[in-house]
Structures are given as C-alpha cells and as structure tokens.
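Structural characterization, general
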Amino acid sequence: MSKLKENFNDKKMTAVIILSCLGIVSMLADIFSYKKALWYIVLAGVAGAIVANLNEKSNAIIYDMLLTDNYAIWFSTLILALVLLWFMVSKDQYESGVYNSSDNYALILFATVGALILTSFSDLTMMFLGIEILSIPLFILAGSNKKDVSSNEASLKYFLAGAFASGILLFGITFIYGSTGTFKLDKIADWANAAGSNLPALFYTGILLVMVGLAFKVSAAPFHFWTPDVYQGSPMFVTAFMATIVKGAAFAGFFRLFYTSFTSASGSWALILSILIAATILTGNIIAVYQSSVKRMLAYSSIAQAGYILLTVLLSNQEAKYALLLYIASYGVSTITAFTVLYHVEKIKGTDTFESFTSLSQTHPLLSVVMTIAMLSLAGIPPTIGFFAKFYLFSSVLKSNTSYLWLIMVSVAGSLVSVYYYFRVIIAMYGQHEPIISSEKKQIPAFYNVLLLLLVCVIIILGMMPDVLMSIDNL
Amino acid sequence: MSESIQQYIPIAMQFLVASGFVITTIVASWLLGPKVKTLHKLDTFESGLQPVGNARMQFSIKYFLVATIFVLFDVEVIFFYPWAVNFREFIQEGFEGFGKMLLFMAPVLIGFFYVIKKGALEWD
C-alpha cells in the first residue's frame, strides 16, 4: 500500500487536513455564492476537526516532524474548542458587512492550522513553520478593517514586530543547530544531557535568542511594546483571537520546546526567564491601571496574564503541563467572554471606554452579569475557573521549587493590582446611576444572550470541577 | 611570493590590459574628438521627428499586486523542481508521485482561480 494511503488510514494529521480544506472552501464561498451557509459549514468543519483530533492515533510520528502525543492532542483540542467558540461569538461582526466573511474566515482557519502545528511539532523547522503559518494570516486580519487608520497601523506594527521576532527566533535556531547539529527536539535534549555541565556558549546563546523570539510572540515584557497598539487597532474579534487562541498556541509551543529540549540546561535560562516573568507581571498590571479604554486595558491584562503563564515554562515539569492547560482554558474562555461583551457595549454606546460601561446594569442586566463573571475569572476570584487556574499554577511552582517564592510574591502582588482595574469595570456597571438615553436601551439578539449564558456556565462549572481537565492521563 | 599567487599574474595582467584599453579609448576620444554644441545637436534624436511632450508619464501597473502575485506563484513553481528531479523514482512507484503533485497543484490552481475571480488581474 502506498505511503499516502497508509497515512490517511492511520488517521494522522486529520484535523490539520480538515482545517486546510475548510479554509479553501471558505475562501471560495464568495465566488460560488454560498456565503450565507458558510458559517454553518465552518462550524460543522471545526466540530469535525475536534472529533478527528480526539481520534488521532496517539504517539504517531509523522515524517519525523510532528509527534501526536497526549500533550499535542489535548492542546489541539483546547485550541479547536476555543476556535469553535470564537466562530460562534464573532458571527455578528462578520455579518455587519464591513468585513468580507469568506476571506476572513479562511485566514482564521489557516491561522488555526499553524496553531495546531505549534502544539505538536517535534522539530525546530516545524515550530518555525507553525509560528509563521499562525502569524502571517494575522498580519492581514489585524488590518482587515481597511478604512480604519488605526487598523492599518495595527497591521503594519504587528508585521514589523512579528518579522523582527521571527528573525531573532531563526537566529537562535541557527545557533542551536550549529552547536548540536540537529533540529529534532529529542536529539537536542539527548545532546544537552550528554554534554552535562560543559555546554558551549553557542548553545546558551541559541536558547536565549529563541526565548527572546518567543517572548516577542507571547508579548512578554520587555518585548511587549507592539501589543497595546495592535490589540487596540485591530477589529474586536481579531483582537480576541490574538489574545486567546494565538497566545495559547504560542505558549503551548514555547512550553513544548523548553520542556522537551532545554530542561537539562535550565541553569542557563531559568534566572533570565524569571526576571522576564517578574517584569511582565509588573509592567502589564501597573500600566493597565492607567488605561481609559477597556480594550487597551484588556491588552495590558493579556500581557500580565502572559507573565503568569510563563511560570509554567519556568517550571517545565509534568505538573506544569496541567497548569498550562488549565490556565489557557481559563484565560481563553474568560477573555473571549469579556471581548464579546465589550463588542456589544461598543456597538451600543459607540466607544470602548470605562465610561461606556456606566450604569450598564440598568439597561442590560445580562451583559453586566456576564462581564462581572468574566472579570472575576480574569482577576482570579473564587467561584470561577480563573481562581483555580491561578491557585494550581502558584501552588505547583511552590511545591517543586521554594526558591521561586519571591516570584510567587510578585505574581500575587500583581494579581492584587489587577483586581483594581478589573473591578473598575464592575463598579462602573453597578456603582453609578445615571439618566439613561433611550438609544442606549437597544438589546442584543437572543442568540448572543444564550451564548453568553453558556460561556458563564462554562466559566463557573469549570471553576467548580476543574477535575475535568486534571483527570487527563499522561498529558 | 608563493607559487599559487604567481599563477594568477597573467589574469591580473589581462584585467589591467582590458581596463586600460577601455579607459584609454574613452579618455582619448573625449580629448581628441571635436566638440560641437548646438541646439539641434543636444536635442533628442527620434527617427528625424520633432519630439513632442514629456517622456515622463505616470500610469498604474498595480505594482504591489503584481509583485505579490508574482512572488506567490514563483515560490509555488519552485516546488516543481525537486519533484522534477525525483521524477524517475516516482515513475517506479506508480501513480503516487503523480498523485502528490496533483495534490500540490490543486491548491495552486484554486489560488489562481481565486485571484482571477476576485478581479485582481483586471486593471482598468
């Protein structure tokens, strides 16, 4: 039997193939005029990709480039679930007529293919390809509101920062190849183990450059400068996509690389990474306090959250995988919820400032409740998933290495600061009572009410029973 | 001077002679030639006709679009080379190599179809 058929029968990479074909189908929707059915086709396709992904043959090595271990399968599933959620909440934006839904959906689907590769690579070339497949559609998507100057600006800034980061990342990969002679993650790990404590400076330099390149992609301080402008300028749901799915995939890739290849050399990068984390948490949280736009506040909050998620890379052990999965799930769902509410508030009130949330509880009680729960989850306050994700993360760091106590103290201090700006939104909604202009009473469609309630249920139910995610074997 | 560098002396001389000849002839013709500067002499020569208007005219060739499409298809065509190099092995395998190429060609053709249907090649 031919190799091509063999691969197909073995159910390898099915999700990637489905999403690529779905992207092409979505691209042609405009030409063959089935654009009205496109949303349903895409939803069915992504759902199919989730099923295919769960049935993926585990621990299959695909052309020595991808490895579908449990880590890959579960992170791909999480990312696909977030993408499915994204397609549901973003329906309104792409029906408004400003954006061409067929092209935009195609780009989103192609970016998702990159995200899937980024969770399952076993070779540095594949990691780089994954990052590029993930980023290039986003450069276009960031500028997809063609007539808006800030959207164009976002696109250019994202492109320049992204290209720069890719260059540094490639430079690092070159150094690693130069010292180890291989691109394979497990071979690099073997080489580093064999070399023991006398690793050449070339290898350290390579690790640091790769770390800087990836820190750019996940917007960790001091490489975060592009984030606020890009997040603010891009269309609302493109920002939501970047803040959740792209970031989640980038972190999955970051962790996979460092956990598989560089753990034995952790002495060389652990200190630098921990300084990076402390800087990210402090910068993100402190600057977020001074924002007047909620969208920009969420951008800085995503920088701060990137700091917490980086703790898992620092930890790089079995437990950190669970912490990472839980945190990305928690952060992803909460952020998508917050962006959905913000989208509707901006649509009703015309701006995305904190003032636009004033006395929202009177006109839109449901939106206010949903936003409150999303904010509580992002701040990490009990009945929500956000609390458990943070608690599990911090406790697993302390359990494995008490010398990181200072870092946890910084993180907790950062979380306390974050409570201030997340609660500013809640206080604006419930605190002040102002006369209501009748135009502000416009209600949102019932479909979104149901969807938002569903999201709230997910946040709270996962917060009650995080075991669902913790019970996965051998992640 | 070592022997290996000595071998290159003829080449260096060749360079010197070639460039020397060019420089000498240009400088000599400039120095020795007659210099006539009249209005008609400095005018543009176009088959004996009087030149009309400015030669600098702007017209849009949609540079970025053309460049982008060129890069796109050029990169895609590059992938044909390794396929062509391995063609003999593919023949031995039967239709698999052909199938792989078709699999690759399909997206390229769909892309081309997309470009045409979106009107990217209609310039006016």
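Refer to the structure presented above.
Residues numbered from 1 in each chain as written. Chains lettered and ligands numbered in written order. Predicted model: local features only at pLDDT ≥ 70, side-chain atom pairs only at ≥ 80, totals over all residues. Heavy atoms only, no water.

**Looking at helix H14 (residues 294-315) of chain A**
All names here are of chain A. Rules: Numbering goes from the N terminus for both helices and strands, where a helix is a DSSP run of H or I of at least four residues and a strand is a run of E of at least two. Here the expected span of a helix is defined as 1.5 Å times the quantity of residues minus one. Between buried and exposed lies partly exposed: a residue is buried under 20% and exposed over 50% of the maximum accessible area for its type, with that area taken using a 1.4 Å probe on protein chains only. Pairing of N or O atoms within 3.5 Å defines a polar contact, subject to two protein rules: one partner must be a possible hydrogen donor and the other a possible acceptor, and residues neighboring in sequence count only if both atoms are side-chain atoms.
An ideal rise of 1.5 Å per residue puts 32 Å on 22 residues; H14 measures up with 32 Å between its terminal C-alpha atoms. Counted residue by residue, H14 has 22 buried out of 22 residues, so it is predominantly covered. Where H14 begins, one side-chain oxygen reaches toward the backbone nitrogen of Lys295, 3.3 Å away; that side chain belongs to Ser293. Trailing H14 by a residue or two, Ser316 shows a phi angle of about 45°, which is positive.

**Quick notes on the environment of Phe225(A)**
Residue and element names in this part refer to chain A. Take Phe225: it is sitting in the loop between helix H10 (201-217) and helix H11 (226-233). Since its relative accessible area comes to 62%, Phe225 is described here as exposed. Along the primary structure Phe225 and Lys157 are separated by 68 residues, whereas in three dimensions their C-alpha atoms are 9.8 Å apart.

**Comments concerning the pattern of salt bridges**
Using the following cut-off: When a carboxyl oxygen of Asp or Glu lies within 4 Å of a side-chain nitrogen of Lys or Arg, that pair is called a salt bridge.
As enumerated under the stated definition, the model contains 11 salt bridges over all chains in all. Salt-bridge contacts for Asp69(A) lead to Arg256(A); the nearest nitrogen and oxygen are separated by 3.2 Å. Here Arg256(A) lies in helix H12 (residues 236-261) and Asp69(A) lies in the loop between strand S2 (66-67) and helix H4 (70-89), a separation of 187 residues in the sequence. Across the pair, Arg256(A) and Asp69(A) agree in class, each one buried. Salt-bridge contacts for Glu319(A) lead to Lys399(A); the nearest nitrogen and oxygen are separated by 2.8 Å. Highlighted residues: Glu319(A) in helix H15 (residues 318-349) and Lys399(A) in helix H18 (residues 385-400), separated in sequence by 80 residues. Residue Lys399(A) is classed as exposed on the basis of its relative accessible area, which comes to 60%. If you follow the salt bridges from partner to partner, you end up with Asp30(A), Lys35(A), Asp103(A) and Lys118(B) in one network.

**A closer look at the side chain of Thr182(A)**
All names here are of chain A. The test is simple: Throughout, a residue-residue contact means that at least one pair of heavy atoms, one from each residue, lies within 4.5 Å.
For Thr182, the location among the structural elements is in the loop between helix H8 (149-180) and helix H9 (185-195). Among the polar contacts made by the side chain of Thr182, one reaches the main-chain amide nitrogen of Lys184 at a distance of 3.0 Å. With near-sequence residues (within four places) excluded, Thr182 lies in contact with Tyr177, Lys187 and Ile188.

**Brief notes about the environment of Gly111(B)**
All names here are of chain B. By secondary structure assignment, the location of Gly111 is in helix H7 (residues 96-117). For Gly111, a relative accessible area of 21% translates into the label partly exposed. Along the chain, Gly111 and Asn86 lie 25 residues apart, while their C-alpha atoms are 25 Å from each other.

**Some details on the packing of aromatic side chains**
Residue and element names in this part refer to chain A. Counted only if it meets this: Pairing of aromatic side chains here covers Phe, Tyr and the six-membered ring of Trp, requires ring centres within 6.5 Å, and sorts the geometry by plane angle: under 30 degrees stacked, over 60 edge-to-face, intermediate tilted. Note on geometry: a ring has a charge over it if NZ (lysine) or CZ (arginine) is within 6 Å of the ring centre and within 35 degrees of the ring normal.
Here the structure, examined in full by the defined rule, presents 36 aromatic pairs over all chains. Between Phe139 and Phe159, the aromatic rings sit 5.3 Å apart at their centres with planes inclined by 85°, giving edge-to-face as the arrangement. With Phe139 in helix H7 (residues 124-142) and Phe159 in helix H8, this pair connects stretches of sequence that are 20 residues apart. Taking the relative accessible area as the measure of exposure, Phe139 reaches 10% and is therefore buried. The cationic tip of Lys91 hangs over the ring face of Phe447; the distance from NZ or CZ to the ring centre is 5.5 Å. Here the guanidinium or amino end of Arg424 rests over the ring plane of Phe354, the centre of that ring lying 3.9 Å away.

**Re unusual backbone geometry**
Residues and elements named next belong to chain A. The omega angle of the peptide bond from Ala221 to Pro222 is 0°, so this bond is cis rather than trans. Here Asp64, not a glycine, exhibits a phi torsion of approximately 60°, which is positive. Position of Asp64 relative to the elements: it lies in the loop between strand S1 (61-62) and S2. According to the relative accessible area criterion, Asp64 is partly exposed, its value standing at 42%.

**Details of the side chain of Thr119(A)**
Residue and element names in this part refer to chain A. Counting through the fold element by element, Thr119 comes out in helix H6 (residues 101-120). On the basis of relative accessibility, which here comes to 0%, the residue Thr119 falls in the buried class. Other than its neighbours up to four places away in sequence, Thr119 contacts Tyr71, Ala72, Phe75, Ser76, Ile79, Ala252 and Arg256.

**Observations concerning the interface of chain B and chain A**
Note the following rule: Joining two parts hides part of their accessible area as seen by a 1.4 Å probe, and the buried area is that hidden amount summed over both. By the convention adopted, Pro, Cys, Tyr, Trp, Phe, Met, Ile, Leu, Val and Ala count as nonpolar, Lys, Arg, Asp and Glu as charged, and the other residues, Gly among them, as polar.
Contacts between the two partners involve seven residues from chain B, matched on the other side by 11 residues from chain A. Both faces considered, chain B and chain A share a buried interface measuring about 850 Å² in area, 78% of it formed by carbon and sulfur atoms. For the pair chain B and chain A, the number of links is two salt bridges. For the salt bridge of Asp30(A) with Lys118(B), the shortest nitrogen-to-oxygen distance reads 2.8 Å. If you look at where chain B meets chain A, you find three residue pairs in polar contact (both at pLDDT 80 or more). Taken together, the residues that form the side of chain B that touches chain A break down as three nonpolar, no polar and four charged.

**Remarks on the packing of helix H2 (residues 14-27) of chain A against helix H3 (residues 35-54) of chain A**
Residue and element names in this part refer to chain A. How we decide: Where helices are involved, their axes are fitted lines through C-alpha atoms of the stretch in contact, as for all axes, and angles between N-to-C directions lie from 0 to 180°. Each angle is binned into one of four classes, with values under 35 degrees roughly parallel, values over 145 roughly antiparallel, values of 65 to 115 roughly perpendicular, and all other values oblique.
Contact geometry of H2 with H3 gives a least axis separation of 8 Å together with a crossing angle of 170°. Between H2 and H3, the crossing angle belongs to the class labelled roughly antiparallel. The segment H2 lies against H3, with Thr14, Ala15, Ile18, Leu19, Leu22, Val25 and Ser26 engaging Leu38, Ile41, Val42, Gly45, Val46, Gly48, Ala49, Ala52 and Asn53. For the contact of H2 with H3, a count of residues per class yields 11 nonpolar, five polar and no charged.

**Considerations on the nonpolar core**
The criterion, for reference: In plain words, nonpolar cores are sets of buried Ala, Val, Leu, Ile, Met, Phe, Trp, Tyr and Cys residues tied together by side-chain atoms within 4.5 Å.
Within the largest apolar cluster, 177 residues are counted, with the highest numbers of intra-cluster contacts made by Trp86(A), Phe87(A), Leu257(A), Phe258(A), Phe357(A) and Met375(A). Non-local contacts of Phe87(A), meaning those with residues more than four positions away in its chain, are made with Trp39(A), Val42(A), Leu43(A), Val46(A), Tyr105(A), Ile108(A) and Leu109(A). The next biggest cluster of nonpolar side chains, apart from the first, holds five residues, and it includes Ile69(B), Phe73(B), Val108(B) and Val115(B).

**Things to note about the packing of helix H13 (residues 266-289) of chain A against H14(A)**
All names here are of chain A. Short version of the rule: Note: crossing handedness is left-handed where the near helix turns anticlockwise from the far helix by less than a right angle, and right-handed where it turns clockwise.
Where H13 contacts H14, the two axes come as close as 8 Å, and the packing angle between them is 160°. Judged by the inter-axis angle, H13 sits roughly antiparallel to H14. For H13 against H14, the interelement crossing comes out left-handed. Contacts between H13 and H14 involve Trp269, Ala270, Leu273, Ser274, Ile277, Thr280, Ile281, Gly284, Asn285, Ile287 and Ala288 on the former and, on the latter, Met297, Tyr300, Ser301, Ile303, Ala304, Gly307, Tyr308, Leu310, Leu311, Val313 and Leu314. Among the residues forming the contact of H13 with H14, the class breakdown is 16 nonpolar, six polar and no charged.

**A short note on H8(A)**
The end-to-end C-alpha distance of H8(A), which contains 32 residues, comes to 46 Å, matching closely the 46 Å that a straight helix rising 1.5 Å per residue would cover. In the stretch just after H8(A), Gly181(A) is the one whose phi turns positive, near 75°.

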